[in-house]
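Take a look at the letters that make up each chain.
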Amino acid sequence: FVVVIWQRLYGSQETGWMAATLRVMGFIPAVVHMAWAQVLLAQPRQSISTSSLWVGLTGFAIVGALGAGCALALGTGWLGEQWQGVLPYLLPLVLWQGSACVVAAFSHLPFQANKADSYSRLCICVSGLQIFVLFVPILTELHISKHMHIVIFSILSSIGFIFISAKINTHLNEYFASPKS
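These lines cover the structure that appears in this document, whether it is placed above or below.

1. A look at the side chain of serine 107
Part 1 of the argument: Position of serine 107 relative to the elements: it lies in the loop between α3 (87-106) and α4 (109-112).
Part 2 of the argument: By relative accessible area, serine 107 is classed as buried at 3%.
Part 3 of the argument: Within the structure, serine 107 has its side chain in polar contact with the side chain of histidine 33 (distance 2.7 Å).
Part 4 of the argument: At 3.0 Å, the side chain of serine 107 forms a polar contact with the backbone oxygen of alanine 104.
Part 5 of the argument: Every residue in contact with serine 107, bar those within four places of it in the chain, is listed here: His33, Tyr119 and Ile168.

2. Notes on the packing of helix α1 (residues 2-41) against helix α5 (residues 116-140)
Part 1 of the argument: The N-to-C vectors of α1 and α5 enclose an angle of 25°; their axes lie 10 Å apart at closest approach. Considered as vectors, α1 and α5 are oriented roughly parallel to each other. Crossing geometry of α1 relative to α5 is assigned as left-handed. Contacts between α1 and α5 involve Val2, Ile5, Trp6, Arg8 and Leu9 from the first element and Leu134, Phe135, Pro137 and Ile138 from the second.
Part 2 of the argument: Looking at the contact of α1 with α5, its residues break down into eight nonpolar, no polar and one charged.

The rules behind each value
Residues numbered from 1 in each chain as written. Predicted model: local features only at pLDDT ≥ 70, side-chain atom pairs only at ≥ 80, totals over all residues. Heavy atoms only, no water. Helix = DSSP H or I, 4+ residues; strand = E, 2+ residues; numbered from the N terminus. Buried < 20%, exposed > 50% of the residue type's maximum accessible area, 1.4 Å probe, protein only. Polar contact = N/O pair within 3.5 Å; in protein donor to acceptor, adjacent residues only side chain to side chain. Contact = heavy atoms within 4.5 Å. Axes fitted to C-alpha atoms, helices over the stretch in contact; angles between N-to-C directions. Parallel < 35°, antiparallel > 145°, perpendicular 65-115°, else oblique. Left-handed = near helix turned anticlockwise from the far one by under 90°. Nonpolar A, V, L, I, M, F, W, Y, C, P; charged D, E, K, R; others polar.

Right under this line is the structure:
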């Protein structure tokens, strides 16, 4: 969806730079989401701990390393001059996809703690916020630079993801504090 809106607003070249970078960085949160959930759901409830936070932060660090590696490749000329347009997208996408790693590391827990309804509603709200931020320039005819647009989108997405992670932790603490039969 982001790519479609970006294409409409900023054209093929900008969309290509953003989408290529997003494809590489977006792979990490997807792996964290799928693999970590499988690892934890295969274990007894008591073994779940702060390790999810460490997995999320490790994913964030890997996304950061990918961004730094891309910046290094651009700076040293390993990537051609035609790829210089990727550079302004690196930091915002690292923030966005790194935060996605954190929320992905916790995303299985609401289902395990029987809080899937509230978690799903919260995710829908954050997605709605993302859609709103994408559409603001179209709806208001606001002339915002593509780089400022991705920065605002990434910051608000990251705040939403961190909020979701915090809510999951609150539900998780309630879940473990309650006696189970």
